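So the chains spell out like this:
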Amino acid sequence: MGSEMCIRDRLSVPQMSISLFAANEGFIDDLDVENVLAFEGALHSYMEREKAELVASIGPEGNYNDDIIAELRASIEEFKKTQTW
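Quantities reported herein were computed from a predicted structural model and do not represent experimental measurements.

Calculation notes
Residues numbered from 1 in each chain as written. Predicted model: local features only at pLDDT ≥ 70, side-chain atom pairs only at ≥ 80, totals over all residues. Heavy atoms only, no water. Patch = residues over 30% accessible without salt bridge, like charges linked within 9 Å, V, L, I, M, F, W, Y side chains within 5 Å. Areas by Shrake-Rupley, 256 points an atom, 1.4 Å probe, with all protein chains shown as cover. Salt bridge = Lys/Arg side-chain N within 4 Å of Asp/Glu carboxyl O. Helix = DSSP H or I, 4+ residues; strand = E, 2+ residues; numbered from the N terminus. Core = buried A, V, L, I, M, F, W, Y, C linked by side-chain atoms within 4.5 Å. Buried < 20%, exposed > 50% of the residue type's maximum accessible area, 1.4 Å probe, protein only. Lys, Arg positive; Asp, Glu negative; His and termini not counted. Charge placed at Lys NZ, Arg CZ, Asp CG, Glu CD. pLDDT = per-residue confidence, 0-100. Axes fitted to C-alpha atoms, helices over the stretch in contact; angles between N-to-C directions. Parallel < 35°, antiparallel > 145°, perpendicular 65-115°, else oblique. Contact = heavy atoms within 4.5 Å. Nonpolar A, V, L, I, M, F, W, Y, C, P; charged D, E, K, R; others polar. Phe/Tyr/Trp six-rings, centres within 6.5 Å; stacked < 30°, edge-to-face > 60°.

Caption draft 1: Highlighting a nonpolar patch on the surface. Judged by side-chain polarity, Val13, Met16 and Leu20 come together as a nonpolar surface patch covering roughly 240 Å² of accessible area. Tracing the sequence through the fold places Val13 in helix α2 (residues 13–24).

Following this line, the structure appears as structure tokens:
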């Protein structure tokens, strides 16, 4: 398998949750395919750096509730407006 699978295999539960949420909620729909992995990596870094409390609330259990959903949505919207990848 390619290096993408190796990277994917190392994602934490919160990182997987963030990636799946971003994809399911249409946050990557406007990206060119070749930019998706860069977006994902930058998003994970941003979330760990700026939204550590949210990442911790997801935790290794993959917690998911209305508050987490709202905060994920707002955080990814902010990321897309203020960050580059």
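Caption draft 2: Structural view of the nonpolar core. Counting 17 residues, the largest nonpolar core has Ile18, Leu43, Met47, Leu72, Ile76 and Phe79 as the members making the most contacts within it. Of all the elements in the fold, those that place two or more residues in this core are α2, α3 (36–50), α4 (52–58) and α5 (66–82). In terms of residue count, α3 provides more of this core than any other element does, five residues in total.

Caption draft 3: Quick look at a negative patch on the surface. Where like charges cluster on the molecular surface, the negative patch consists of Glu53, Asp66, Asp67 and Glu71. The element that contributes the greatest number of residues to the negative patch is α5, accounting for three residues. Assignment of secondary structure puts Asp66 in helix α5. Given a relative accessible area of 65%, Asp66 falls into the exposed group.

Caption draft 4: The arrangement of the confidence of the model for the protein chain in detail. Residues at a pLDDT of 70 or more form 89% of the protein chain, whose mean pLDDT is 92. Highest mean pLDDT in the protein chain belongs to α5 (98); lowest belongs to helix α1 (residues 3–9) (53).

Caption draft 5: Quick peek at the packing of α2 against α5. Where α2 meets α5, the axes come as close as 11 Å, and the angle between the chain directions of the two elements is 75 degrees. What the angle tells us is that α2 and α5 run roughly perpendicular. Mapping the contact onto sequence places Ile18, Phe21 and Ala22 in α2 and Ile69, Leu72, Arg73 and Ile76 in α5. Class assignment for the residues of the contact of α2 with α5 results in six nonpolar, no polar and one charged.

Caption draft 6: View of the pattern of salt bridges. One pass over the full model with this rule turns up four salt bridges. Taking the shortest distance from any N to any O, the salt bridge between Asp30 and Lys80 comes out at 2.7 Å. On the criterion of sequence distance, the pair formed by Asp30 in the loop between α2 and α3 and Lys80 in helix α5 is long-range, its members being 50 residues apart. Accessibility expressed as a relative area gives 56% for Asp30, which makes it exposed.

Caption draft 7: Here's a closer look at the packing of aromatic side chains. Summed over the entire model, instances satisfying the criterion amount to five aromatic pairs. An angle of 85 degrees between the planes, with centres 4.9 Å apart, marks the rings of Phe39 and Trp85 as edge-to-face. Taken together, the residues span a long stretch of sequence, with Phe39 in helix α3 and Trp85 in the segment after α5 at a distance of 46 residues. For the ring pair Phe79 and Trp85, a centre distance of 5.4 Å and an interplane angle of 20 degrees mean the geometry is stacked. Taking relative accessible area as the criterion, Trp85 reaches 36% and is therefore assigned partly exposed. By the ring-pair criterion, three or more aromatic residues cluster together here, those being Phe39, Tyr46, Phe79 and Trp85.

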